[in-house]
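# Structural description and commentary
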Number of protein chains: 2
Amino acid sequence: MSYFSDVTNICWFLEAEFGREVVRLHNVVGNAVTEGRHIVVGTGSSQLFLAALYALSPTDSPEPISVVCATPYYSSYPSMTDHLKSGLYKWGGDAESYEKEGPYIELVTSPNNPDGHVRRSKVNRSQGFLVHDLAYYWPQYTPISAPADHDLTLFTVSKSTGHAGMRIGWALVKDQEVAKKMTKFIELNTIGVSKDSQLRAAKVLRAVSDSWELGNSKESESFFKFSHKLMANRWKQLRLVVESSELFSLPKFSPAFCTFFNQVLEPQPAFVWLKCEGNVEDCESFLRGHNILTRSGTHFGVSPKYVRISMLDTDENFNQFLDRLSAIMS
Amino acid sequence: MSYFSDVTNICWFLEAEFGREVVRLHNVVGNAVTEGRHIVVGTGSSQLFLAALYALSPTDSPEPISVVCATPYYSSYPSMTDHLKSGLYKWGGDAESYEKEGPYIELVTSPNNPDGHVRRSKVNRSQGFLVHDLAYYWPQYTPISAPADHDLTLFTVSKSTGHAGMRIGWALVKDQEVAKKMTKFIELNTIGVSKDSQLRAAKVLRAVSDSWELGNSKESESFFKFSHKLMANRWKQLRLVVESSELFSLPKFSPAFCTFFNQVLEPQPAFVWLKCEGNVEDCESFLRGHNILTRSGTHFGVSPKYVRISMLDTDENFNQFLDRLSAIMS
């Protein structure tokens, strides 16, 4: 089994079948424009994030380009950016307070990990390169408002269907030279992307698209209806528990029209971004004291009064989390 | 499907089944000591090469550590090492002429890509970290002399069984802290390694081990007997063509005792390292003029009188290569 999938494609290790199912799923969901885009497949969207930094960094600059993101940001962005002490790019911190002149790369995660809010770019200067991380822009998490139409957008099967261990992500890339450089990065990094995973991911995405099309005609349940219902149910239970006391607070989301479900819906993010109210300064330690493991806001560039908690765990773990959270209030 | 395979293992994304088949295959072949080693799985051995650089680089050094390899070296080593302009490590060129004091990383590829020779480290100074790339240390390519017993050794299914598109490699690592840092690199680079590929690779390795054990008892053909015969046949044909003229020369290999096949055998590398004799200075261009695509010695740190040609292509392509090579002589 060769390294190559299609030598006529810029991304020569992209399996054609996977590429077709990506386009089809975006058309079914209506969450991204695929026309006029090059698809670059990656070993998860993590690899594509690094490929994007490599592709967007100026090659002739005397100093590394700054990579910024508004707080609270995905906790791995800083370490992924800086772990090799690259001379091409370096972590520049919070996009809100970024003041430096010249080129920069801004990461726009929408809906945001960790807090679930819909985001736009913050720096808004002429020399910015934007990387849109839309891992969570799927109907089970957030209303689909319009097809995303950016220069460089990242998606992953990890969050669209829950197959994190498959390690398959994809980028939709407008500029051909950027797509070429991202492909080059993946060549130097891992000489392509597992064909086994790409072919299996193609089958999974096909099943999801099929389930929507068949689900509509036969009234059986589609993947997105199922997962939307599950998330809605978890969020409802969580809000009941949290709002019964004044110890914690949750982000507030406005309902919005979802073009996919064709109705007004509330966001129901993959993570809880919980704030300890009152005197508790270190929310992570406080919750650990009650056997609830979370990730402190400090990792996300903000105060330790915040923690992130996954909403995508097993039913058993989620219910245990709710039980333990309830026990704190009583 | 979660990111995690076994949270109790240092390499928490290693599928246990794959790890077991790696140990079994090394025991069957006798080409590497696995006792007292940590197995780190990678997206091909390329990712493990980068993980090794990350793990072996001093974190507190004022300048990047030099990465060296004797010429002719694998052509991707320099670009893989330098593409991110890392402050941790940088390409230091030919190990034979490396003179600098202090720590360094030396790559020892054995049998060597491109020239097929068995190698040992060249620099031999006290502060060296060695990475042994043993991708081709399998019985179809070279006599197995003894189980390799190094600090850090890389293998890959790409060359052991031919499944390059699977993107699965493994490292055998003696030092626990190095294994931890390599795992951390893969976490930051791709958050683990495809489970689909690991599980399929486990099945492939199992079939190879089974075929040897069953092949011995039932007199049917094992994978290694089949592939050894195929390589022997190709090399025989190639030597017949090349030695019929004085235009080209091939490396000379000494036969050696192979503990796996239990007999004296000649090396039969995965690549031809062909030299243009006489006045031809640019062997790649010369052969391109005869419709033979090769890779010039310049990419491997040596003279353009040399080229590398794959011996692992399809029968059809290999026969076409022999026909075209023969045509040059006549």
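Remember, predicted model here, so these are calculated numbers, not experimental data.

On to the overall build of chain A. Tallying secondary structure elements over chain A gives 9 helices and 13 strands in all. Compactness check: chain A gives a C-alpha radius of gyration of 20 Å against a globular reference of 20 Å for 330 residues, within 12% of the reference. Seen along its three principal axes, the alpha-carbon backbone of chain A occupies a region of about 65 × 55 × 35 Å. Residues counted as buried form 56% of the 330 residues belonging to chain A. Pairs at least 24 residues apart make up 70% of the contacts formed inside chain A by residues separated by at least 6 positions. For chain A, the exposed area adds up to about 13,800 Å²; of that, 50% sits on carbon and sulfur atoms. One way to put it: in chain A the 33 positive side-chain charges average out to a point 2 Å from where the 36 negative ones average out.

Two chain copies here: they are related by a rotation about an axis and a translation along the same axis. If you rotate chain A by 180° and push it 0.0 Å along the axis, it lands on chain B with an RMSD of 0.0 Å. Such values leave the two copies arranged in the relation of a two-fold axis. Across chain A, the smallest distance between a C-alpha and the rotation axis is recorded for A:S86, namely 2.1 Å. A share of 100% of the interface residues of chain A reappears at the interface of chain B, consistent with the copies meeting face to face through the same patch.

Working definition: the strands of a sheet are paired by backbone hydrogen bonds and lie parallel or antiparallel to each other. All names here are of chain B. Ordered by their spatial adjacency, 7 strands build an open sheet running β1-β7-β6-β5-β4-β2-β3, and the pairing between neighbours is mixed. Edge positions in the sheet fall to β1 (38-42) and β3 (89-94), since each has one partner strand and no second. Strand-to-strand twist of the sheet, defined as the mean angle between neighbouring strand axes without regard to direction, takes the value 25°. Where β1 meets strand β7 (residues 169-173), 5 bridges bridge the pair, whose relative direction is antiparallel. By the bridge assignment, I39 is partnered in β7 with L172.

This part is about the state of the cysteines. Residue and element names in this part refer to chain A. What the rule picks out here adds up to 2 disulfides over all chains. Disulfide partner of C276: C283, at an S-S distance of 2.3 Å. Since a negative S-S torsion denotes a left-handed disulfide, the C276-C283 link at about 65° is right-handed. C283 sits in the buried class, given a relative accessible area of 0%.

A few words now on the packing of aromatic side chains. One pass over the full model with this rule turns up 48 aromatic pairs over all chains. Here the aromatic rings of A:F223 and A:F224 are separated by 5.3 Å at their centres, their planes lie at 70°, and the arrangement is edge-to-face. Judged by relative accessible area, A:F223 falls into the partly exposed class, the value being 23%. When the ring of B:F18 is compared with that of B:W170, the centres are 6.0 Å apart and the planes differ by 75°; the resulting orientation is edge-to-face. Taken as a pair, B:F18 in helix α1 (residues 16-29) and B:W170 in strand β7 lie far apart in primary sequence, 152 residues in all. We note that B:F18, like B:W170, is buried. An aromatic cluster of three or more residues is present, and its members are A:F18, A:W138, A:F155, A:W170, A:W212, A:F223, A:F224, A:F260 and A:F261. Residue placement shows B:K181 over the ring face of B:Y54; its charged tip is 5.2 Å from the ring centre. Directly above the ring of B:F271 sits B:R308, whose terminal nitrogen or CZ lies 3.9 Å from the centroid.

Here we come to unusual backbone geometry. A cis amide bond, omega -10°, links A:S110 with the succeeding residue A:P111. On the secondary structure map, A:P111 appears in the loop between β4 (104-109) and β5 (128-133). Here the bond from B:T71 into B:P72 is cis, since omega is -15°, no more than 30 degrees from zero. Take B:P72: it is sitting in the loop between β2 (65-69) and α3 (76-82). One non-glycine residue, A:N291, lies in the positive phi region at around 65°. Along the polypeptide, A:N291 turns up in the loop between α8 (283-288) and β12 (295-296). Classification of A:N291 as exposed rests on a relative accessible area of 55%. Despite not being glycine, B:N124 has its phi angle at roughly 55°, a positive value. Structurally, B:N124 can be placed in the loop between β4 (104-109) and β5 (128-133).

Calculation rules
Residues numbered from 1 in each chain as written. Chains lettered and ligands numbered in written order. Predicted model: local features only at pLDDT ≥ 70, side-chain atom pairs only at ≥ 80, totals over all residues. Heavy atoms only, no water. Helix = DSSP H or I, 4+ residues; strand = E, 2+ residues; numbered from the N terminus. Rg over C-alpha atoms; globule rule 2.2 N^0.38 Å. Buried < 20%, exposed > 50% of the residue type's maximum accessible area, 1.4 Å probe, protein only. Contact = heavy atoms within 4.5 Å. Areas by Shrake-Rupley, 256 points an atom, 1.4 Å probe, with all protein chains shown as cover. Lys, Arg positive; Asp, Glu negative; His and termini not counted. Charge placed at Lys NZ, Arg CZ, Asp CG, Glu CD. Least-squares fit on C-alpha atoms with pLDDT ≥ 70 in both. Pairing = 2+ DSSP bridges. Axes fitted to C-alpha atoms, helices over the stretch in contact; angles between N-to-C directions. Disulfide = S-S within 2.5 Å. Phe/Tyr/Trp six-rings, centres within 6.5 Å; stacked < 30°, edge-to-face > 60°. Lys NZ or Arg CZ within 6 Å of the ring centre and 35° of its normal.

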